[in-house]
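What follows is each chain in one-letter form.
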Amino acid sequence: MEQELIQEVETNSRRKRMKETKEEKKEVTIYDLPGVGAATAEKLMAVGYTDLMSIAVASPAELIEATGMGDAVAKKLIAIARSSLEMGFESGEELLKRREKIQKLKTGSNALDNLLGGGFETGAIVECFGEFGSGKTQIGHTLAVRAQTIEPNAVSVYIDTENTFRPERIIQLAKGAGMDPDEALKNIKVARAYNSDHQMLLAEKVEDLIKKQGLNVKLVVIDSLTAHFRAEFIGRGTLADRQQKINKHMHILLKLADTHNLCVYVTNQVMAKPDMFFGDPTQAIGGHIVAHASTFRVYLRKGKKGTRVAKLIDSPNMPEAECGFYVDESGIKDVE
Ligand code: GTP
Ligand code: MG
């Protein structure tokens, strides 16, 4: 598994960074909660309650449904999680300082970058959803190349679930961005995910790349986020199970983005919504769970004359807006 993700020998500077991360303070986990046995902890972890915060903000009903524990236990657990967490209030000033660390990955199209407030943000999950050929994968490839310019030694991780990652395309895009194609290829760690469990495991392994390998990961692409989940759970009447798994996956991604100040870019298909007569009769897979966890959501569609249209759907601080762009051999471009 690790072999798949790790193709590179680490450099000295990376080793140094590794040492630095090791000195971070130890994290309190749900295993440290008084009164939580290993079995309960495992159960909670399995359904996505991987840290204290997720329990502290859960409702008793959610915990009961997820684990089958009693009402009193659930309430107690939430209370303990709340009190053991420094439910830290940050001052607006501190928050602003943290926001200053945010970097914005560029695409090559100013219009698309501006739609997102200057680029694809680190510390966030950005979701692009849209029909086939709308440009989701092209954006993923482009970001994987251009993220490397954000700082020295920056690395992109590409989790490919549909076997659509193309190194040849990376070479074209690197040339288009005026970068050394060999370097660009070297600094993208690709892993093919064969099913949803594998995909989730790979996402967890990114942490190892950062901590053990000392790689400076600035971007994690998951293309596609939902395809495996959708295929595996089709017609099985287990929508709740699927949503729970996706929920867990999203939490891991969100945590990665947040703790390591990296951008998570995920793609998502749309499905037909037959009961809708007006507007665009499509909606993203994964429902409100994916929608809710994504910091930015962009709807992509094909426009006139081979262009693509991106529409910002959900964003914490940007207005809903649209822009056009197009894709050619050298990359993503503004429409003239
Ligand atoms: P699905 O994964 O099928 O849902 O689609 P997608 O949204 O990932 O589409 P993708 O990003 O693969 O878009 C491919 C489109 O990019 C093609 O239909 C082309 O119109 C356009 N494109 C334009 N120029 C190029 C080029 O030089 N290379 C490639 N690969 N695609 C190009
Ligand atoms: Mg694609």
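Remember, it's a predicted structure, so these values are computed and weren't measured experimentally.

## Quick word on the overall build of the protein
Argument step 1. Helices and strands together make up the secondary structure of the protein, namely 15 helices and 13 strands.
Argument step 2. Expressed as a percentage of the 336 residues in the protein, the buried residues total 46%.
Argument step 3. In the protein, 66% of the contacts between residues at least 6 apart in sequence involve partners at least 24 apart.
Argument step 4. Accessible surface, the protein: about 16900 Å² in total, of which carbon and sulfur atoms supply 54%.

## Here's the deal with the site of ligand 1
Argument step 1. As a structural note, the neighbourhood of ligand 1 is formed by 14 residues, with Gly-133, Lys-136, Thr-137, Gln-138 and Val-327 the closest of them.
Argument step 2. One nitrogen or oxygen atom from the main chain of Gln-138 is found 2.8 Å from an oxygen atom belonging to ligand 1.
Argument step 3. In isolation ligand 1 offers 660 Å² of accessible surface; the protein chains occlude 64% of this area.
Argument step 4. For the shell around ligand 1, the elements supplying multiple residues, two or more each, are helix H9 (136-146) and strand E12 (322-328).
Argument step 5. Here the shell around ligand 1 is built from residues that sort into 2 nonpolar, 5 polar and 7 charged.

## Here we look at the packing of aromatic side chains
Argument step 1. Considering all chains together, one arrives at 3 aromatic pairs under this definition.
Argument step 2. Arranged with centres 5.8 Å apart and planes meeting at 70 degrees, the rings of Phe-120 and Tyr-265 form a pair that is edge-to-face. In this pair, Phe-120 is assigned in strand E2 (residues 120-121) and Tyr-265 in strand E7 (residues 263-268), connecting sequence segments 145 residues apart. Like Tyr-265, Phe-120 is buried.

## Quick look at unusual backbone geometry
Argument step 1. Here the residue pair Asp-223 and Ser-224 is connected by a cis peptide bond, since its omega of 5 degrees sits within 30 degrees of zero.
Argument step 2. For Ser-224, the position within the fold is in the loop between strand E6 (216-223) and helix H13 (227-232).
Argument step 3. Even without a glycine there, the phi angle at Asn-153 is positive, about 65 degrees.
Argument step 4. In this structure, Asn-153 sits in the loop between H9 and strand E4 (154-160).
Argument step 5. Even without glycine at this site, Lys-305 takes up a positive phi of about 50 degrees.

## Side note on the state of the cysteines
Argument step 1. Inspection of every chain in the model, using the stated rule, returns 0 disulfides.
Argument step 2. No disulfide involves Cys-128; its nearest neighbouring cysteine sulfur is the one of Cys-263, lying 9.8 Å away.

## Observations concerning the nonpolar core
Argument step 1. By size, the foremost hydrophobic cluster in this structure holds 33 residues, and its most contacted members are Leu-112, Phe-120, Ile-139, Leu-219, Tyr-265 and Ala-310.
Argument step 2. At 4 residues, H9 tops the list of elements feeding residues into this core.
Argument step 3. Leaving out residues up to four positions away in the same chain, Ile-139 has contacts with Leu-112, Phe-120, Cys-128, Tyr-265, Leu-300, Phe-325 and Ile-332.
Argument step 4. In this structure, Phe-233, Met-250, Leu-262 and Val-266 belong to the second largest nonpolar core, which totals 31 residues.

## As for the pairing of E12
Argument step 1. Note: strand E11 (residues 308-314) against E12, 4 bridges, orientation antiparallel. The partner of Arg-308 across the bridge, within E12, is Phe-325.
Argument step 2. Two strands pair when backbone bridges link them, and E12 and strand E13 (residues 331-334) are joined in this way by 4 bridges, in the antiparallel orientation. In the strand pairing of E13, Asp-328 is matched with Gly-331.
Argument step 3. Remark: 2 residues form the turn of the hairpin made by E12 and E13, two consecutive strands paired antiparallel.

## Digging into the confidence of the model for the protein
Argument step 1. When pLDDT is averaged across the protein, the result is 84; 85% of the residues are at 70 or more.
Argument step 2. Between residues 4-25, whose pLDDT stays under 50, and residues either more than four places distant or in other chains, the model counts 39 contacts.

## Regarding the sheet that holds strand E3 (residues 125-130)
Argument step 1. As summarised here, the arrangement of the 9 strands in space is E5-E4-E6-E7-E3-E10-E11-E12-E13, forming an open sheet in which the pairing is mixed. Looking at the sheet topology across the chains shown, the edges are occupied by strand E5 (188-192) and E13. When strand polarity is set aside, the average angle formed by the axes of neighbouring strands in this sheet is 25 degrees.

Definitions and limits used
Residues numbered from 1 in each chain as written. Chains lettered and ligands numbered in written order. Predicted model: local features only at pLDDT ≥ 70, side-chain atom pairs only at ≥ 80, totals over all residues. Heavy atoms only, no water. Helix = DSSP H or I, 4+ residues; strand = E, 2+ residues; numbered from the N terminus. Buried < 20%, exposed > 50% of the residue type's maximum accessible area, 1.4 Å probe, protein only. Contact = heavy atoms within 4.5 Å. Areas by Shrake-Rupley, 256 points an atom, 1.4 Å probe, with all protein chains shown as cover. Near = heavy atom within 4 Å. Polar contact = N/O pair within 3.5 Å; in protein donor to acceptor, adjacent residues only side chain to side chain. Nonpolar A, V, L, I, M, F, W, Y, C, P; charged D, E, K, R; others polar. Phe/Tyr/Trp six-rings, centres within 6.5 Å; stacked < 30°, edge-to-face > 60°. Disulfide = S-S within 2.5 Å. Core = buried A, V, L, I, M, F, W, Y, C linked by side-chain atoms within 4.5 Å. Pairing = 2+ DSSP bridges. pLDDT = per-residue confidence, 0-100. Axes fitted to C-alpha atoms, helices over the stretch in contact; angles between N-to-C directions.

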